[in-house]
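Understanding the architecture of this molecule
Below, each chain spelled out in residue letters.
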Amino acid sequence: MILTYDGTYEGLLSAVFETYRLKIVPERIVPAADWQPTFFDQAVFVATRDDWAERVEQGIQKISGRKAVMLLRHCFLSERADVSMLTFRFIRQTISRASDISDNYANADVLRLHQLKKQIGREVHRMHAFVRFQRTRDNIYYAVIEPDFNVIPLIGAHFEDRYPAQDWLIYDVKRHYGIFYDQQKIDFVTFDNNNTLPLRQLQRDALDTTEPEYQQLWKTYFDNVNIPERRNLKLHHQHVPKRYWKYLSEKRAQF
C-alpha cells in the first residue's frame, strides 16, 4: 500500500499513525503533491489529525527523548524524497525495540538522518551569514532568501536576538512564505500574489532614502578589504557558493 499526506510534518506523523492503526507496512509514504499515479499502483490519502501526530511524537519522546523528536523535525525540513520513509522506518524501529536508536550510526537510516541534519545545519549557518536586509520607507528591513532546504523555521531566533529593536521580514521566494518580526514576536507570513514580489532588490522608490548609500558603503568596504594578490576563487566559492550571490549586496553588481 502507498500512503500519501498533505506535505506537512503533522501529516507525515498522521500517516505513520495510520500504519499502526491498519497494521500495515506501506511500500511508500509520499506527499500527495509528489505522488504520480500509475496503472498498477493505488495510493490512500491520510488526512492530517493533530491528535494522531501528537501521539506519535509523544511515543518517540518517551523512548528516545527530545533529541530524537528534533532530529526528525529538522530532517523533515530537508524536503528530500526519502525523508518520509526514513522517518517511518526510524519510528518503527524505535517503537519495536523500545529503545533509543538515535545515536546508532551503524544503522543506515539513522546515519542518513544525521547526514541530512548536518547539511541543514550548514544551510542555517549560511543564512545567518548571507542574509542582506534592505530598509524600506516603512522602516521595515526586508531580505530575500532562496535556500536549498526549508530553513525558515530554524533561523528566526538568530535574527530576533541580533536585531531585537527593528521590524524585519525574511522571505523565502522558493517556498513562498517567510517570517516577520515586529519587535515583539515572530509570525509566519505569505503574500497573496508572489508574482509581484521583488526577487532580488526593491525598487528605489520603495527604499528608505539612505538605503542606496548604505548599500554602496557596504560594497565599498568589501572592495577595499579584498587583496587581489591573495585572491583564491576556489576557496571563495567554497565558503560563499555562487548560487547565493544574487542576494548579496556586495555581489549584486555582477548580475
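Report on the accompanying structure. (Residues numbered from 1 in each chain as written. Predicted model: local features only at pLDDT ≥ 70, side-chain atom pairs only at ≥ 80, totals over all residues. Heavy atoms only, no water.)

Despite not being glycine, K23 has its phi angle at roughly 55°, a positive value. Within the secondary structure layout, K23 lies in the loop between α1 (9-22) and β2 (28-31). Overall, the relative accessible area of 76% leaves K23 in the exposed class. Phi is positive for A98, which is not a glycine, with a value near 55°. Along the polypeptide, A98 turns up in the loop between α4 (83-97) and α5 (108-130). (Helix = DSSP H or I, 4+ residues; strand = E, 2+ residues; numbered from the N terminus. Buried < 20%, exposed > 50% of the residue type's maximum accessible area, 1.4 Å probe, protein only.)

Turning our eyes to something else, we now look at the packing of aromatic side chains. Evaluation of the coordinates by the stated rule reveals 10 aromatic pairs. Between F133 and F159 the ring centres are 5.9 Å apart and the planes differ by 80°, which places this aromatic pair in the edge-to-face class. Here F159 lies in helix α6 (residues 152-162) and F133 lies in the loop between α5 and β4 (134-135), a separation of 26 residues in the sequence. Taking 6.4 Å as the distance between ring centres and 50° as the angle between the ring planes, the aromatic pair formed by F133 and W168 counts as tilted. Within this pair, whereas F133 is found in the loop between α5 and β4, its partner W168 is found in strand β6 (residues 167-172), the two being separated by 35 residues in sequence. Grouping aromatic residues by their ring pairs yields a cluster made of F133, F159, Y163, W168 and Y181. (Phe/Tyr/Trp six-rings, centres within 6.5 Å; stacked < 30°, edge-to-face > 60°.)

We now examine the pattern of salt bridges. Applying the stated criterion across every chain, the model contains 12 salt bridges. Across the pair D51 and R49 runs a salt bridge whose closest N-O atoms are separated by 2.7 Å. Residue D51 is classed as partly exposed on the basis of its relative accessible area, which comes to 38%. Residue D187 is joined to K185 by a salt bridge in which the shortest nitrogen-to-oxygen separation is 3.6 Å. Classification of D187 by relative accessible area gives partly exposed; the value is 31%. By sharing partners, the salt bridges in this structure join K67, D100 and D103 into a single network. (Salt bridge = Lys/Arg side-chain N within 4 Å of Asp/Glu carboxyl O.)

Let's shift gears to the pairing of strand β8 (residues 186-189). Pairing of strand β7 (residues 177-181) with β8, which is carried by four bridges, proceeds in the antiparallel orientation. Bridging from a neighbouring strand, G178 pairs with V189 of β8. Linkage of β7 to β8, two consecutive antiparallel strands, is achieved through a turn of four residues, within which Q183 is found at a positive phi near 75°. (Pairing = 2+ DSSP bridges.)

On to the sheet that holds strand β3 (residues 43-45). The strand order across the open sheet formed by three strands is β2-β1-β3, and the pairing between neighbours is parallel. The open sheet terminates on both sides in strands that have one partner only, identified here as β2 and β3. Each strand of the sheet is rotated relative to its neighbour by a mean of 30°, with strand direction disregarded. The sheet contacts of α4 involve β1 (2-5) and β2, and relative to β2 the element is tilted by about 135°. (Axes fitted to C-alpha atoms, helices over the stretch in contact; angles between N-to-C directions. Contact = heavy atoms within 4.5 Å.)

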